[in-house]
Every structure is written in C-alpha cells, then in structure tokens.
Amino acid sequence: MPTEDSPQNSVKHWQDCIDVYDFLEQIRLRPGVWLPGGSLRHLEAVLTGYRVALGVHAIDESFDFWPEERFTKWLHERRGTSSSLGWAAEIERTTPPDSTPIEEFFRLLDEYRRAAVSQTPNTSMSRFPGIEYMGNTFVTLFWRRHLQDQAVQRLEDRGFRVVRLAADRWNTEQDMHRAVAAALEFPDYYGHNLGALNDCLGDVACHGGYGDAANGTGLVLAFTDYDRFAAACPRAAQVVLDIIANRARHAAVLQRRLICLVHSDDPDIRFDPVGAMPVMWNSDEWSDANRRG
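From a predicted model like this one, the values you see are computed outputs, not experimental measurements.

Examining the packing of aromatic side chains
And then number 1: Applying the stated criterion across every chain, the model contains 22 aromatic pairs.
And then number 2: A centroid spacing of 6.0 Å and a plane angle of 75 degrees characterise the contact between Phe71 and Trp87, whose relative ring orientation is edge-to-face. One end of the pair, Phe71, is in helix α4 (residues 70-79); the other, Trp87, is in helix α5 (residues 87-94), and 16 residues separate them in sequence.
And then number 3: Residue classification places Phe71 among the buried positions, given a relative accessible area of 0%.
And then number 4: Among the aromatic residues, those joined into a ring-pair cluster are Tyr21, Phe23, Trp34, Tyr50, Phe63, Phe65, Phe71, Trp74, Trp87, Phe105, Phe106 and Tyr112.

Have a look at this one:
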C-alpha cells in the first residue's frame, strides 16, 4: 500500500532499514508477510520487539509507538478523544467499514509524519552516525576501495577515531599481532596470540579513550587488502573478525561504538558468521551507479 508520502517504495532486507519508519515502510509494502493475521495488535507486538532491540543494542533512536508516546497522544488529540486505549486498539475500534485497520494505520501514520517532519526533520543516520555499519554484525565488507574510503571519511567527519590496518603486509599471524598491537597501543605484556587479542581488544572497545564525546564518537578499524591475510592465514583471519564482532557487541551495551570496515580485492571472498551473524557487503557496493564504476 505505498502512498505518495511514503519515503520508501521498494522492498529491501529488514537489516538495511535505518530507523523505525523505514522498517514500517517494509511492512506497508508486504503486510501479508509481516502481519499474516492482519491485526494491528500483531503490528504492535512487532514494534515492541523493535523497541526492545534498540535497548539491547544501546541504540539511541526516537520511538513514538509506546502506548503513552507521541503517536498515541497525537491520535487522541487529532480525534478530540480522551480514551486510555493505545494506538492499535483505538484504530481498530474506529476503522471505517470501507477500510481495514492496517490501511487506516498507514493513512494516519503518513499524516502524523507530515506534521512531525515539518517540525523536526531528522533521521537515525544523522542522530546516530555509524548505524548503517552496526545493524547486522559490526563487520562490513568492501570490494571497491573508494567506497571504504568514503565510509571512513564520513565517520571521521562525525568524530570517530579511525585506525587503518594494511593487511597485505601480514604474511603470518604474528605480523598481524604486531601491527594491531602497535596501532591500538596494547600493553607491553600483550601475548601476541588470539586469546590475548580478545582480551586487549575488549579493554579498548569497552574502556578505551575514544568514547567520551556525547555524539558521533566511536572507534573504526579499517582493514585494507584483508583477502591477502585471509589467504595466508585463513583461520586467524576468520577468528580476528569474530573477536571484533563480539567485542563490538559488548561495547554497544555500554553505549560505545566499535565498527570494522574490511576491504577485500576479492569480490567473491566469504567468511563464516562472526558474532553468530553473517559478514555482509556494504549496501552501496551493488548500487547501479557503482556497478557501472
């Protein structure tokens, strides 16, 4: 049921959504997939899960769909009612005969957004920089080097500290340990093994001196030519990304941000899931403009 006011009109993976409104547009496009019962109570439950996920991952995103939050208040003010019902129950109760609760919700949502955007235009990407590289597993692949450079520049502009690591120089696991230890200023007692990397990176991610600013702060590990290291030391290359993904998740619980951007000259490179999640390509890589590049 796309409308002229809908900001998105194409189906995409839910992990590519940048905020709750983007997510709702995917539900609008395929309500039968997301809400097989066609009930707003089902939608209310889905959005409750979305809000819980924001809390688990310490994502500071505005959420207007709790029973006492802005959407419900706006709905009652618009209708001049003082009902204690939440938005889902109120819309289901008052849906006209020629419509459905789902259609009525999205019609009202468009109206609500028009009113809200005119007052406070904003998006999750501007309010929470780096979220596009944190939605899946904190580790994102790049094939085209200029796309990684652009991503790094955007994050630097927002206050992230970027540590660049040239993996084509690593012929052994020890080469990697020496480079990472120097770049991240690990202590002298660092053991130069994967267990020690897990421990020291955890200290940097959760307690390092990069996370003091209120907005836009974080640490970015930007690997280049990681396929060279993966060819030389496949097990270590996999474990390093797994360690980073797990430590980034722990850091997120403390509202700190650790992001890993991995460049590979091999567009067919694959990794096993890291942090129990798949390693995904960046969303810009396969756009029409970049395919032509």
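Now that the structure is up, let's keep going.
Side note on the nonpolar core
And then number 1: By size, the foremost hydrophobic cluster in this structure holds 60 residues, and its most contacted members are Phe223 and Tyr226.
And then number 2: The residues contacting Tyr226, other than those within four sequence positions of it, are Ala167, Trp170, Ala237, Val240, Leu241, Val262, His263 and Phe271.
And then number 3: With 25 residues, the next largest nonpolar core counts Phe63, Ala88, Phe105 and Phe106 among its residues.

A closer look at helix α10 (residues 194-207)
Residue pairs three or four apart in sequence face the same way in an α-helix, which turns once every 3.6 residues.
And then number 1: Between the first and last C-alpha of α10 there are 20 Å, a value that for 14 residues agrees with the 20 Å anticipated at 1.5 Å per step.
And then number 2: Here α10 has its buried residues at Leu194, Ala196, Leu197, Cys200, Leu201, Gly202, Val204, Ala205 and Cys206.
And then number 3: Check the buried side of α10 and you find it contacts α9 (173-183), β3 (219-224), α12 (234-253) and β4 (258-263).

Remarks on the sheet that holds β4
And then number 1: Ordered in space as β2-β3-β4-β1-β5, the 5 strands form an open sheet in which the pairing is parallel. Two strands bound the open sheet, and with one partner strand each, they are β2 (161-166) and β5 (280-281).
And then number 2: The strands touched by α12 are β1 (139-142), β3 and β4; relative to β4, the strand with the most contacts, the crossing angle is about 155 degrees.

Quick look at unusual backbone geometry
And then number 1: Unusually for a residue other than glycine, Glu185 sits at a positive phi of about 55 degrees.
And then number 2: When you line up the elements, Glu185 lands in the loop between α9 and α10.
And then number 3: Note on Glu185: relative accessible area 65%, which makes it exposed.
And then number 4: One non-glycine residue with positive phi stands out, namely His192, at about 55 degrees.
And then number 5: Tracing the backbone shows His192 in the loop between α9 and α10.
And then number 6: Residue His192 is classed as partly exposed on the basis of its relative accessible area, which comes to 27%.

Focus on the side chain of Thr95
And then number 1: Relative to the helices and strands, Thr95 is located in the loop between α5 and α6 (101-117).
And then number 2: Excluding its chain neighbours within four sequence positions, the residues that come into contact with Thr95 are Thr100, Pro101 and Glu104.

A word on the side chain of Gln148
And then number 1: Secondary-structure assignment places Gln148 in helix α8 (residues 145-157).
And then number 2: Using a relative accessible area of 2% as the deciding quantity, one classes Gln148 as buried.
And then number 3: Within the structure, Gln148 has its side chain in polar contact with the backbone oxygen of Phe223 (distance 2.9 Å).
And then number 4: Separated by 3.0 Å, the side chain of Gln148 and the backbone oxygen of Leu261 make a polar contact.
And then number 5: If we ignore the near neighbours within four places in the chain, the residues touching Gln148 are Phe142, Ala222, Phe223, Thr224, Leu261, Val262 and His263.

Calculation rules
- Residues numbered from 1 in each chain as written.
- Predicted model: local features only at pLDDT ≥ 70, side-chain atom pairs only at ≥ 80, totals over all residues.
- Heavy atoms only, no water.
- Phe/Tyr/Trp six-rings, centres within 6.5 Å; stacked < 30°, edge-to-face > 60°.
- Helix = DSSP H or I, 4+ residues; strand = E, 2+ residues; numbered from the N terminus.
- Buried < 20%, exposed > 50% of the residue type's maximum accessible area, 1.4 Å probe, protein only.
- Core = buried A, V, L, I, M, F, W, Y, C linked by side-chain atoms within 4.5 Å.
- Contact = heavy atoms within 4.5 Å.
- Expected span 1.5 Å × (residues − 1).
- Pairing = 2+ DSSP bridges.
- Axes fitted to C-alpha atoms, helices over the stretch in contact; angles between N-to-C directions.
- Polar contact = N/O pair within 3.5 Å; in protein donor to acceptor, adjacent residues only side chain to side chain.

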